[in-house]
Amino acid sequence: MLYSILATVVAILHFAFILFVIGGAFLLLRWPKLMWLHLPAAMWGVVIEWMGWYCPLTGLENLLLRRAGREGYSGGFVAHYIFALIYPQGLTRSIEIAIGVFVLIVNVSLYVRVFK
């Protein structure tokens, strides 16, 4: 039971981190000093998508799921939870690159606005 709860907590934190990566620059409009936390997170998110890597949180979640007696999942967090709902066929390399471009455009646009 404990491992199942921990896997759920990691999944929630993972999702929150993804939201922060994508839209955390909006918080800079109010708290510009948050840039020092957001900028490395956003860069990590872009690199993960462009390189086709898996976030370490995915591995941790899978480990906890297996210890809870459940199967882990293949692919990354986004492919498993998000795109499984939107794109039942799964995540393609082109979509991963597009996600990275989207995150980069949103964040650069907001950074430019904050520091104008």
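Residues numbered from 1 in each chain as written. Predicted model: local features only at pLDDT ≥ 70, side-chain atom pairs only at ≥ 80, totals over all residues. Heavy atoms only, no water.

Moving on, we come to the overall build of the protein chain. In terms of regular secondary structure, the protein chain is built from six helices and zero strands. For the protein chain, the succession of helices and strands along the chain, N to C, is α-α-α-α-α-α. Residues classed as buried in the protein chain amount to 33% of the 116 residues present. Contacts in the protein chain between residues at least 24 apart in sequence constitute 62% of all its contacts with a sequence separation of at least 6. Counting every atom, the protein chain has about 7,600 Å² of accessible surface; 72% of that belongs to carbon and sulfur. (Helix = DSSP H or I, 4+ residues; strand = E, 2+ residues; numbered from the N terminus. Buried < 20%, exposed > 50% of the residue type's maximum accessible area, 1.4 Å probe, protein only. Contact = heavy atoms within 4.5 Å. Areas by Shrake-Rupley, 256 points an atom, 1.4 Å probe, with all protein chains shown as cover.)

For the structure shown, the criterion picks out one salt bridge. In this structure, the salt-bridge partner of Arg 93 is Glu 96, at a minimum N-O distance of 2.9 Å. Of this pair, Arg 93 and Glu 96 both sit in helix H6 (residues 93-114), three residues apart, which is roughly one turn of the helix. Take Arg 93: its relative accessible area is 38%, and that puts it in the partly exposed class. (Salt bridge = Lys/Arg side-chain N within 4 Å of Asp/Glu carboxyl O.)

Note that Val 103 resides in helix H6. Residue contacts for Val 103: discarding those within four places in its chain leaves Val 21, Ile 22, Ala 42 and Val 46.

The contact between helix H1 (residues 2-23) and helix H3 (residues 35-51) brings their axes to 8 Å, and the two run at 100°. Taken as axis vectors, H1 and H3 run roughly perpendicular relative to one another. Between H1, through Phe 17, Phe 20 and Val 21, and H3, the contact on the second element is made entirely by Leu 37, His 38, Ala 41, Ala 42, Trp 44 and Gly 45. (Axes fitted to C-alpha atoms, helices over the stretch in contact; angles between N-to-C directions. Parallel < 35°, antiparallel > 145°, perpendicular 65-115°, else oblique.)

A surface patch of nonpolar side chains, amounting to about 960 Å² of accessible area, comprises Trp 44, Val 47, Trp 50, Met 51, Trp 53, Ile 97, Val 101, Leu 104, Ile 105, Val 108 and Val 112. Of all the secondary-structure elements, those providing two or more residues to the nonpolar patch are H3 and H6. Among the elements that line the nonpolar patch, the one with the most residues is H6, at six residues. In this structure, Ile 105 sits in helix H6. (Patch = residues over 30% accessible without salt bridge, like charges linked within 9 Å, V, L, I, M, F, W, Y side chains within 5 Å.)

So, on to the packing of aromatic side chains. The full count for this structure, using the stated rule, is one aromatic pair. Residues Tyr 111 and Phe 115 carry aromatic rings whose centres are separated by 6.3 Å and whose planes lie at 25° to one another, so their mutual orientation is stacked. (Phe/Tyr/Trp six-rings, centres within 6.5 Å; stacked < 30°, edge-to-face > 60°.)

In an α-helix, one full turn covers 3.6 residues, which means residues spaced three or four apart are oriented alike. Compared with the 32 Å implied by 1.5 Å per residue over 22 residues, the 31 Å span of H1 between its first and last C-alpha is a close match. Within H1, burial applies to Ala 7, Val 10, Ala 11, His 14, Ile 18, Phe 20 and Val 21. (Expected span 1.5 Å × (residues − 1).)

By the secondary structure assignment, Glu 61 is in helix H4 (residues 56-67). Through-space distance from the C-alpha of Glu 61 to that of Val 9 is 8.8 Å; in sequence the pair is 52 residues apart.

This is a description of form; function is not addressed.
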